[in-house]
Each structure stands twice: as C-alpha cells, then as structure tokens.
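Residue-level listing of the chains:
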Amino acid sequence: MALGTMLKAPLLLLGLLTEGLAQLAIPASVPRGFWALPENLTVVEGASVELRCGVSTPGSAVQWAKDGLLLGPDPRIPGFPRYRLEGDPARGEFHLHIEACDLSDDAEYECQVGRSEMGPELVSPRVILSVLVPPKLLYLTPEAGTMVTWVAGQEYVVSCLSGDAKPAPDITILLSGRTISDISANMNEGSQQKLFTVEATARVTPQSSDNGQLLVCEASSPALEAPIKASFTVNVLFPPGPPVIEWPGLDEGHVRAGQSLELPCVAQGGNPLATLQWLKNGQPVSTAWGTEHTQAVARSVLVMTVRPEDHGARLSCEAHNSVSAGTQERSIMLQVTFPPSAITILGSASQVENKNVTLSCVSKSSRPRVLLRWWLGWRQLLPMEETIMDGLHGGYISMSNLTFLARREDNGLTLTCEAFSEAFTKETFKKSLTLNIKYPAQKLWIEGAPEGQKLRAGTRVRLVCLAIGGNPEPSLTWYKDSRTVTESRLPQEPRRMQLGNVEKSGSTFSRELVLVTGPSDNQAKFTCKAGQLSASTQLAVQFPPTNVTILANASALRPGDALNLTCISVSSNPPVNLSWDKEGERLEGLAALPRRAPFRGSAAARSVLLQVSSRDHGQRVTCRAHSAELRETVSSFYRLNVLYRPEFLGEQVLVVTAVEQGEALLPVSVSANPAPEAFNWTFRGYRLSPAGGPRHRILSSGALHLWNVTRADDGLYQLHCQNSEGTAEALLRLDVHYAPTIRALQDPTEVNVGGSVDIVCTVDANPILPGMFSWERLGEDEEDQSLDDMEKISKGPTGRLRIHQAKLAQAGAYQCIVDNGVAPPARGLVRLVVRFAPQVEHPTPLTKVAAAGDSTSSATLHCRARGVPNIVFTWTKNGVPLDLQDPRYTEHTYHQGGVHSSLLTIANVSAAQDYALFTCTATNPLGSDQTNIQLVSISRPDPPSGLKVVSLTPHSVELEWKPGFDGGLPQRFYIRYEALGTPGFHYVDVLPPQATTFTLTGLQPSTRYKVWLLASNALGDSGLADKGTQLPITTPGPSGLPLLPVLLGLGGLLLLSNASCVGGVLWQRRLRRLAEGVSGKTEAESEDRVRNEYEESQWTGEQDTRSSMVSTTEAEPYYRSLRDFSPQLPPTQEEVSYSRGFTGEDEDMAFPGHLYDEVERTYPPSGAWGPLYDEVQMSPWDLRWPEDAYQDPRGIYDRVAGDLDTLEPDSLPFELRGHLV
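What you see is a predicted model; the values in this text were computed from it and never measured. (Residues numbered from 1 in each chain as written. Predicted model: local features only at pLDDT ≥ 70, side-chain atom pairs only at ≥ 80, totals over all residues. Heavy atoms only, no water.)

### Description of the overall build of the protein chain
Thinking step 1. Assigned secondary structure in the protein chain consists of six helices and 94 strands.
Thinking step 2. Relative to its 1221 residues, the protein chain shows a buried fraction of 44%.
Thinking step 3. Pairs at least 24 apart in sequence give 68% of the contacts found in the protein chain among residues at least 6 apart.
Thinking step 4. When the accessible surface of the protein chain is totalled, it reaches about 62300 Å², and 52% of it is carbon and sulfur. (Helix = DSSP H or I, 4+ residues; strand = E, 2+ residues; numbered from the N terminus. Buried < 20%, exposed > 50% of the residue type's maximum accessible area, 1.4 Å probe, protein only. Contact = heavy atoms within 4.5 Å. Areas by Shrake-Rupley, 256 points an atom, 1.4 Å probe, with all protein chains shown as cover.)

Here it is, written out as structure tokens:
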C-alpha cells in the first residue's frame, strides 16, 4: 500500500510534465548543420509517425536518442523492430519512422550527428512524441446491454467507469436523450504509467416517459474520432390511468330485463398494463381482461343478461397493477325496467248454469305498474275491484276481481285477463280460461241383440249405449248385474270384454260394449247409466260344461290294485252326457242323477272301476262330456301312476359296435316307476365308478358313454338298475372294431426256381372279413404287377399268396394289404427270393488281363456271378487249385443282393509263374458255374470290332465300333481309307483317343470308299487281318442317291443286323439252358425280367491294409506294368469299368439291390469296401448295363501313350516285350 502511494505522485508529475513539454514551441530558426529538424508530434496509439532529421553533411554518422538512449546508426535499429531510418543518406535524410505506435514510444527524441571530416558533432533540439491512448471499454453499472427495471419517481445511482486512456476521457450520462446534470467524476491512475481511468456517478429519477428508453454513458477523448458508448434499457414501472366504462347509449344505467348488456371497461397506460375486474354489488363477476401493448391499453368487457333482480345493482370496474398505490374504480347504478313475468287467474271456470262465477286476476311484479282488464269472447267485462301492491325487485303487483252470471250459451267461451302499460306498448300480457257451464243429458237407450234370443257361448255380442246432450259429456257407465264392467287388465286372462270410449257425434254420445259370451253371461242383466238416466237388457247363453273334474279313490297304485274314478261335469246349459275310455278303449260306468249348477246350468256325474298293471303306468283314462244340442265335447283325463320295479324294454340294444380310438354309447331302454335310483355298470367283475373316469361317464339316462375305446374294452358289460320297487339286470356286449395290424409276415420268403411257396400274412383285426386280404406286386410296369398266375387264399386272420412253379421273374417285392373297413388298412412288405444256381458273367473284355511279368507289378482278376443263396468262389491256375495262403495272392469276395464278386489280386507278377489260364468257379447249394481269365503279357491291342455306319452324307460318314483288348496299355484309334480307283491311302487320327464314334469328313459325293479301323498302343497297332475292322461305303450323290450304293449299304446293314440277331438268339438259348438246368423244366416266359434279391450281403477276405485299399486300377481289367506307366489313382467305383460287360442280350436277368435295404446288412463300412459297388445299376427298371454310362478310366494315360508313339519296338524295355508262357 505504501509503495502504491509513493508511485502515484511521480506518475502524475511525469504526465503533467509530458503534456507541458509537448506544448513547447520549437524555435523557428534551424541550427547550423541541419536542414530539417524534428518537431513535437502527437499520434494516436496504433498509428505510424515519422520524426524528420536533415543533415547538411551527408557523410556524417547519424543516430537517434530516445530518452537519452542511443538507438545506433544502423538504419534497421536492432532491438526496435518497429523503428527504422527512412530517407536517402547521401542527401542527409535520416528520418526516424515508427510503426504502430504504442505507449512505450511516448518519449523525448533527439537526432545526433557524429564528428567527421565534413564537420563537427551536432545534436538537434529534443522533441516530444506524445502517444494518445483511447479508452477501449466502458464499464456501466447496472450492466450494459441488459434491461433494468425501475419504478417511476424513485432515485437510482448509475456509475460509469472508463478503461485505460491517455489523456483522461470526458464522461457524459444521458437518459432518453437528456443529459443528466447530477453527475460526479473521479480520475484515477491507469494500469500503466501515463494512463488514466475516470469513474462517473449519476443520480437518476426515472419518469413514466422514460419507459423503454436507453440510459447511455458516453466517453470522449482526443484519441477518439467519435465517443464510445455503453447503454442499458430502462423498464420503468408506473401505475395505469383510471378505468373508463363505455356505456352504450345516452341514458346511462337504464336497461330492460332480458337485454344482453356488453359493457367495455378501458384503462390507459401503466407498466405493466392494468389488471381489470368487474364487480356487482361488491362481488367479482368477471376477472377476464385483455391488453393491447401497441396502444398501452387494458380492456375488459362485461357480458350479462339483465334480469329484474338486477334493478339497483352497482356495477364497478377496478384497475390496478403491481406499482399502484391503490385500486382505481368506476361504477354505474342499474335502473331495470321489466314486465310482469306471468298473469294468473284465481278461481274455477266451471260452474252450473244460472250461478255466479267469481274470479281474480293477479299480475307478477313489474316496473312500472300495469293495468288489468277482462274480456269474455269479444265483450269487455267490468271488474268489481282493482288493487296495486309492492312487488319484488322494486316492482308493483296489480290485482282485479270479477263476478258474473253463468249462462248455457256462454259455455266454451274464452275469458281473458289482459295487462298493459305505456312502458310495454309493443307487448301484450294476458291469461285466458275457457268457461265450462254444466247441464244434464236429455235421452238414453241401448241398441243390440233382442232379449230372449239364444246365444251360444263364444258368440261375439255388440251392445251400444246412446245419449243426447249434456255438459259435461255423459260418462255412459256399463253395469253387469249391478257390477261395473271393466276390461281385464291381467295379460294372462282372456279378453272377453272390450269396453270402448265415449264417442261424440254432434250432440249424441255413445259407448260400445263388445263381449264374447260365456257361462257367466247366461241370464245376466247389462245396464247403461248416464247420471240419473239408465237403460237395461238381458242375454240367454248356451254353454258346454265349464269344468270336468275326475276324482280317484287312491293316489299310489301297484300292479293288481283296483281304482275307482268319478267324473263330475260342474255346469252346462243344456245338460250333457258323460262317457269313459282308456287310451281309446271305451269303458262302462255308472251315472248319477243331474242337479242344479252355477250360471243357471245343470251338473252331472259318472263313475268307473279299473284293475291296473305295470303296462297301465302313464296311460290316460279320459272322461268326455258331450252336448248333443251344442255338438261340443269337453274332456278331462286322469294319468295312471303305477309303481313297479325296473323292466327292460323290448327295444333294449344288447350289442353295440364301436371303432377303436372312437366313442361308444351303451344305451339303456328301461321302464320303471319311480325312475331308477342308480345305474351300476360292471365289466369283467369290476364296477365302473358312477362318478365317471378318464375314459367313461354314466349319463343321467343310465347309458354308459366310453371314449378312446381300445380293443381291451371289448366284452360283456352288466347293467344293474334299482328303484324303491325292486331291481333288474341286463348284459350288453361291446364289439370294438379296430384296424388290422400285421402280426406275422415272413420276410424274406425263399423258394427254389420251379418250387411252390406260400407268402403268409397273419393279422390281428376286428372284424375278420372274408375278402379283406389283397396283394400287390411292386413295380412300375403294369406287366410286372400282374398276379394272375398266383393263388390268393384267405382263412380267418391269415391270408396266403400261393405261388406255383416259381420263376425268376416272380422274384421281388410284394405287399400284403388288409382292409376290414376300419381305417387305415394294414400294409406289409415281403420279398420273394427265388433261389437259383450261380450264373457267371462272361464279358469279352474280362477274358484277358495283361500285366508286366517283371515281379514288380500286380494284377487283379475280377469274377462276377449271380445266384441265390450266396455264392462261394474258388480259383484255379491252369486247372490247379490256387493256394490262397500264398502271400502273393489276395482274394476278396463281395455280396450285394444276388450279385457276387470275387477279386483276385496277384502281387509281384512273374512271367514264368503267373502267365497262365485262371479259372473262377462260383458255387452255391443249387449248382455252380465258371469262367476263364487269361493273364498275359503286355502286347499290341486287339483289333476293334463291330465297325458300322451310323449316318452317311455326300461329304461325310459317321462310324461306330467296339474297342478290343488294349493289350494292357492305353490304346488309340486311327482310320485308313481309300477311294476305289484312286491310288494312295488316307490316315485320320480319332479324337479323343478313346472315342468309339467318329465322323470322317472331306469325302466326295457318289464315290466308293474302303475304310479300315486300327487300334494302337505303345507296342504297335492291331493290324489289318481282321475283317471286322474294314468297311466299304459309297457316298450318295448331291441331288439324289444312286440306287446301287444304297442297295449295297442296305445289304450290309441287313447282314450286320442278322448277325447281331443270331448272336442274341444264341445267347438267349444259353440262358434258357442255364435256367432249365437249375429248375428242371423250360419256362415259356423266360423273357420276363428277373427281380430276384437275396439280401444276405457280406464280404470275405483278408482285412489287411493292402487289401482294404482296393482301387479301380486294381479292379478293372486293364493293367500297366511299370511304375512310370502306373500313376496312383484315387479310389473310384469298382463297377464302372464293367458297364459294358452285359449288353442287351442279357435282358432276362435283373437283380434289384435297393428294395429291401432295411434287411440286416453285413456290408463293409463306408470308406472301406462299400464304395466299390455304389454305382452298380441293378434297379428293376434298368435291365442292362447302360453303354452311355461307360467311362474308360484309361483316359488318364493318354499322355503316356502319346509319349510312347515315337518309340521303336526294339527300344522298349525287356519287361514290355514279354511273351505268353
């Protein structure tokens, strides 16, 4: 604090000194050595300035000094980046230029010239650079930019503080554009030396006119081009002006009752605007108001409907706001004019003629009073007396009394009391009455049926009572035997009488009585009265008995009891005859003497005696009362109640049929009185719960309801019924029908070819029907499904399909179908296996197998046979049994249905030991068959066979052939052809190499050609010796076919087809002989396809690693000798290579291997032996080995064969040049 005090005085002194020095005048004369001297300058902070210095000796060293600090001769003035020397030194110009001046530049400056050869050292006079700093901010309290709320007339203090400035700024405070005079200012030191701040304080008293205006603080300074300002908006609160009620019209306060009054109340000014409310007699009636800020007006409209009770009410409008010293009010007193709300006439307007009528007319309160006058029709009557009284709400009540004589001619005239006043000239207030002058009727009589006429009960009779004149209108009351006649008011009672209303026609009055005659109307007197007048008439009514009653001497009867019944006819006119019958059977009775009865009729009685039995229970004994004159009969019956023990009726059902899993209802037809107390059911000695169970319920009728019926529910059910009179029993049988279930079906059923066998199907079913068994043979072709040659036998639950002289074609799947009418039918599948001796396949490609005899290669011989049961294979070499214990020999046997295969693998084939003739023999209990396979050395291929023309055009021919034995190496084909008469041969390679069809192109039309087909492998070609490999052809001409070549071609085709037919016939005959050797007799239908199947599939052989990895390479009949020519192949299906083994010539044999796969299998697991047979085509609809499925696996050796084409025979290794031993 002390330091601050010490610093303030020197700063103030320095500031005053600076200001004083800045105002010193520079001498007009220029010192010697200078041609331009600096001057005192004033600059605003941030501006640039230049202090001039011109030296007469240009070569001198010149520098500037700032407050005695030398700045140096360098023009860039190091250390002062905003300072630099300007001008041309050669001309002696050394002006000091300062950029962006700030307060640090406020100092004394002098230009100094150093001593030189040109002259002495010189120093310019000191000059002052005064830097003006404008105030940048104004701090206003209250805060600038806000809305400040003040109350008009109160004093408030406002302060304004300027920021740092030089010199100190002048501060002015203005409100609504007016300068505030009551202001004080204090100057203080700024945040730096030479800077000052000024704080100004003003006292302000706002007025309502200042509302929404600005209070502005302005700071002006020489450093400012325009004053800086800070302001806030003043929100001045002031009370509103007095409220004003705008009365509609000139006569303030005067209104009429019923008028809708709208009174606006307006209050001008006020901040906030006024809050308005309406009061009625000091009580608030409306607190709703609106404001219009643009006009500074608050408005409230009172809407009310004026009522009489508002007379004298004081309506006030009050206005105030939050700064109001009190509430301002404007009031109006209401003066209400209202008419009388009603006119009342006191007294009765009904009077007997010739008597005085006295009435009074009174008006309700009105303001002003009203006058009253009387009118009878159009005639004015003078009142006897008029009175005025004070009424409600400041009004008056008027009363007028009237007395006059009642005359008959005045009856029905209107008597009116009218009120009028000058204040209500446009309105009329009146009250009217209608005079009712009473006088009696003049005549009365009855019109209707004449007295003494006989009327039958039920006859509709109309009686009319008529009267003339009278006021009031005569009531015309009807009486029956002195009792007033009224209509039946109860809806359950019959409406026998209809009493009409009194009707008027002119001066005549009538009332109708319509009645339907009954017994009570007989001799009754009907009277009509109108006042003192009356008229009467009497009716004679005939009626049957009103009631027939039967009396019994006993209520509880049992069989054998005697019952006496008496029938009483209560009353009738005329008398009746009584008779008895029981359910239509007439009974004789005893009659009593007639006697008098009500309604002036007569009564009768008759008795009958009965002997009852149980059959009489519930029967009706009827008494009939007949009136011959009326031709009408009235009956009553007595129902016999005979108590007896339960008795089962003749329609009782004793056998009930139900379907298994369905519902059954065992009905009860029993008669008993009283009803049976209990129905007890017993089944197989066990009593069924009367409360029901999971699957049964005893109905209220005693019937037994069963659901989810099973065959175990079949049997006798005993029913025991009991009541208080005794018991009864019955036996009911429940016959449960259920769908058949096959219990026994021998699958498979086996039979030898030519033998007989029964396929037996045993079922459990109910009912057992004679024709419920049927048989089907499974197959797609209709001829395969025929069962005409089989015998169907059905006996009880067993059905048989008997097959005589079984044939291979009858093997396959059969279905036993049992349908006894209960769904679903039972179906059972059984396979018929026809056993036959082995039949070994002899496909030509398997007759020779080639292998290199180098003791490093292996060969596999494949033997396939068909037969049932399973076949055992044996092998011989050159007729000597093969020793399978030799490790070089491995044999595996496979069984799949009726197809059996044996694979003999020879390891380390030796030319000396293994080039031999191997014989495979297939044997089962029914016989044996064999085939020969020759193991030979690798050699040239055999010639292809079956060369034929498929299609022929003038320029091409399509050929087809069958490949021969390939010699153990991959073979390819090429064609040699020549045109007859033209020297030279043409050669064409067949592509792809293994193709068996080829189109030869480039031929000439109408030309004869000779074509040869050759096969070749790495060892050479097949040669041209075989006639089957050459074919003569003649191409057709371009416009037509020459007759001779066409005939030659057709002849060749016929020869080929005949040759194939002969071959097929020979093959068919061989198969027939095989079948005859097994069955012992020739089958005429041997061409039928065989569907034999024997599902004891199994495999045998050594299960070592080597044998379990049999591949297609080992299984197919084509072998390679060297490792170089035998790359390892992935395992594939064994059967592919033999798809051409059987052709269409073997269509008699087919062995389905898929129909009964559910039979226990002993095949090798997947991945071991199973894949070898996955593609065997043995379905019953595919009877031949499809040629299109043949895929020669030797294609993988095409590259090897191509590489060997260039080898000469002598260049082959020794292993490939072996010979058959």
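Let us keep going from here.
### Quick look at the pairing of strand 27 (residues 297-305)
Thinking step 1. Note that strand 23 (residues 260-268) and strand 27 share nine bridges and pair antiparallel. Bridge assignment links Gln-268 to a residue of strand 27, and that residue is Val-297.
Thinking step 2. With three bridges connecting them, strand 26 (residues 290-292) and strand 27 associate as antiparallel partners. What sits directly across from Glu-292, in strand 27, is Val-297.
Thinking step 3. Counted between consecutive antiparallel strands, the loop separating strand 26 from strand 27 contains four residues, among which Ala-296 sits at a positive phi close to 55°. (Pairing = 2+ DSSP bridges.)

### Description of the pairing of strand 87 (residues 956-962)
Looking along a regular strand, one sees the side chains alternate between the two faces of the sheet.
Thinking step 1. Sheet analysis places strand 86 (residues 945-952) next to strand 87, joined by five bridges and oriented antiparallel. Residue pairing across strands places Leu-952 opposite Val-957, the latter belonging to strand 87.
Thinking step 2. Hairpin connection from strand 86 to strand 87: three residues lie between these consecutive antiparallel strands.
Thinking step 3. Bridge count between strand 87 and strand 90 (residues 997-1001): five bridges; the pairing is antiparallel. Bridge pairing in strand 90 places Glu-960 opposite Thr-997.

### Some words on the sheet that holds strand 34 (residues 371-376)
Thinking step 1. Strand order across the open sheet formed by four strands is 35-34-38-39, with antiparallel pairing between neighbours. Only two strands of the sheet have a single partner each, and these edge strands are strand 35 (379-381) and strand 39 (429-434). Along the sheet, successive strands turn relative to each other by an average axial angle of 25°, direction set aside.
Thinking step 2. Here strand 38 (residues 414-420) runs beside strand 39; their pairing, made up of six bridges, is antiparallel. Residue Thr-414 lies in a different strand from strand 39, and its bridge partner there is Thr-434. (Axes fitted to C-alpha atoms, helices over the stretch in contact; angles between N-to-C directions.)

### Some words on the nonpolar core
Thinking step 1. Grouped together as the largest cluster of nonpolar side chains are 27 residues, with contacts concentrated most on Ile-759, Tyr-814, Val-818 and Leu-832.
Thinking step 2. Contributions of two or more residues to this core are made by strand 72 (757-766), strand 73 (773-777), strand 75 (798-803), strand 76 (812-818) and strand 77 (826-840).
Thinking step 3. The element best represented in this core is strand 77, accounting for six residues.
Thinking step 4. Val-43, Leu-96, Ala-107 and Tyr-109 belong to the second largest nonpolar core, which has 25 residues in total. (Core = buried A, V, L, I, M, F, W, Y, C linked by side-chain atoms within 4.5 Å.)

### Re the sheet that holds strand 87
Thinking step 1. If you trace the three strands from one edge of the open sheet to the other, you get 86-87-90, paired in antiparallel fashion. Of all the strands in the sheet, just strand 86 and strand 90 have a single pairing partner and so form its edges. Averaged over all pairs of adjacent strands, the angle between strand axes in this sheet comes to 25°, irrespective of strand direction.

### Remarks on the state of the cysteines
Thinking step 1. A complete count under the given rule lists eight disulfides for this structure.
Thinking step 2. With a sulfur-sulfur separation of 2.1 Å, Cys-863 is cross-linked through a disulfide to Cys-920. Measuring handedness by torsion sign, the sulfur bridge of Cys-863 and Cys-920 sits at about -85° and is left-handed. With Cys-863 in strand 79 (residues 859-868) and Cys-920 in strand 84 (residues 917-924), this pair connects stretches of sequence that are 57 residues apart.
Thinking step 3. The exposure class of Cys-863 is buried, given its relative accessible area of 1%.
Thinking step 4. Classification of Cys-920 by relative accessible area gives buried; the value is 0%. (Disulfide = S-S within 2.5 Å.)

### Digging into a nonpolar patch on the surface
Thinking step 1. Together, Leu-137, Tyr-139 and Leu-161 line one region of the surface with nonpolar side chains, adding up to about 280 Å² of accessible area.
Thinking step 2. Within the fold, Tyr-139 resides in strand 12 (residues 138-141).
Thinking step 3. Take Tyr-139: its relative accessible area is 46%, and that puts it in the partly exposed class. (Patch = residues over 30% accessible without salt bridge, like charges linked within 9 Å, V, L, I, M, F, W, Y side chains within 5 Å. Salt bridge = Lys/Arg side-chain N within 4 Å of Asp/Glu carboxyl O.)

### Let's talk about the pattern of salt bridges
Thinking step 1. Counted by the stated rule, this structure contains 46 salt bridges.
Thinking step 2. Put simply, Lys-280 and Asp-310 hold a salt bridge, and the shortest N to O gap is 2.4 Å. In this pair, Lys-280 is assigned in strand 24 (residues 275-280) and Asp-310 in the loop between strand 27 and strand 28 (314-320), connecting sequence segments 30 residues apart. An identical accessibility class is assigned to Lys-280 and Asp-310; each is buried.
Thinking step 3. Two residues, Glu-418 and Arg-373, come together in a salt bridge whose shortest N-O distance is 3.1 Å. One end of the pair, Glu-418, is in strand 38; the other, Arg-373, is in strand 34, and 45 residues separate them in sequence.

### Some points on the environment of Thr-233
Thinking step 1. Within the secondary structure, Thr-233 sits in strand 20 (residues 228-237).
Thinking step 2. Assessed through its relative accessible area of 21%, Thr-233 is described here as partly exposed.

### Quick notes on the packing of aromatic side chains
Thinking step 1. Taken as a whole and judged by the stated rule, the model has ten aromatic pairs.
Thinking step 2. Ring centres 6.2 Å apart and planes at 45° place the aromatic pair Tyr-974 and Tyr-987 in the tilted group. With Tyr-974 in strand 88 (residues 972-979) and Tyr-987 in strand 89 (residues 986-989), this pair connects stretches of sequence that are 13 residues apart.
Thinking step 3. Residue Tyr-974 is classed as buried on the basis of its relative accessible area of 15%.
Thinking step 4. A relative accessible area of 53% places Tyr-987 in the exposed class. (Phe/Tyr/Trp six-rings, centres within 6.5 Å; stacked < 30°, edge-to-face > 60°.)

### Details of unusual backbone geometry
Thinking step 1. A cis amide bond, omega 0°, links Asn-271 with the succeeding residue Pro-272.
Thinking step 2. Tracing the sequence through the fold places Pro-272 in the loop between strand 23 and strand 24.
Thinking step 3. Put simply, Asp-747 and Pro-748 share a cis peptide bond, and its omega is 0°.
Thinking step 4. Note that Pro-748 resides in the loop between strand 70 (726-745) and strand 71 (749-752).
Thinking step 5. At Asn-281, a position not held by glycine, the phi torsion is positive, near 55°.
Thinking step 6. Of note, Asn-281 is situated in the loop between strand 24 and strand 25 (283-286).
Thinking step 7. Classification of Asn-281 as partly exposed rests on a relative accessible area of 48%.
Thinking step 8. Here the phi dihedral of Leu-476 falls at roughly 50°; this positive angle occurs in a residue that is not glycine.
Thinking step 9. With respect to the helices, strands and loops of the structure, Leu-476 is situated in the loop between strand 43 (460-468) and strand 44 (477-480).

### Focus on the confidence of the model for the protein chain
The predicted coordinates of low-pLDDT regions are not to be read in fine detail.
Thinking step 1. A residue-level look at the protein chain finds 81% of positions with pLDDT of 70 or above and a mean pLDDT of 80.
Thinking step 2. Element-level mean pLDDT values for the protein chain span from 32 in helix 4 (residues 1105-1108) up to 95 in strand 68 (residues 704-707).
Thinking step 3. Per-residue pLDDT stays below 50 along residues 1-28; that stretch engages in 22 contacts with residues further than four places along the chain or on separate chains.
Thinking step 4. This model gives residues 1074-1221 a pLDDT under 50, and the stretch forms 322 contacts once residues within four places in sequence are excluded. (pLDDT = per-residue confidence, 0-100.)

### Here's the deal with the side chain of His-95
Thinking step 1. When you line up the elements, His-95 lands in strand 8 (residues 95-98).
Thinking step 2. Judged by its relative accessible area of 6%, His-95 is buried.
Thinking step 3. At 3.0 Å, the side chain of His-95 forms a polar contact with the backbone nitrogen of Cys-53. (Polar contact = N/O pair within 3.5 Å; in protein donor to acceptor, adjacent residues only side chain to side chain.)

### Brief notes about the environment of His-617
Thinking step 1. Tracing the chain through its elements places His-617 in the loop between strand 58 (601-611) and strand 59 (620-627).
Thinking step 2. Residues His-617 and Tyr-644, 27 residues apart in the sequence, show an inter-C-alpha distance of 8.8 Å.
Thinking step 3. When near neighbours in sequence (up to four residues on either side) are disregarded, His-617 contacts Leu-640, Asn-641, Val-642, Tyr-644 and Asn-673.
Thinking step 4. Of the polar contacts made by the side chain of His-617, one reaches the backbone nitrogen of Val-642; its length is 3.0 Å.

### Considerations on the environment of Thr-657
Thinking step 1. Structurally, the position occupied by Thr-657 is in strand 62 (residues 655-659).
Thinking step 2. Thr-657 sits in the partly exposed class, given a relative accessible area of 48%.
Thinking step 3. As a C-alpha pair, Thr-657 and Arg-733 span 76 residues in sequence and 8.5 Å in three-dimensional space.
Thinking step 4. Ignoring any residue separated from it by four or fewer positions in sequence, one finds Thr-657 in contact with Asp-735 and His-737.

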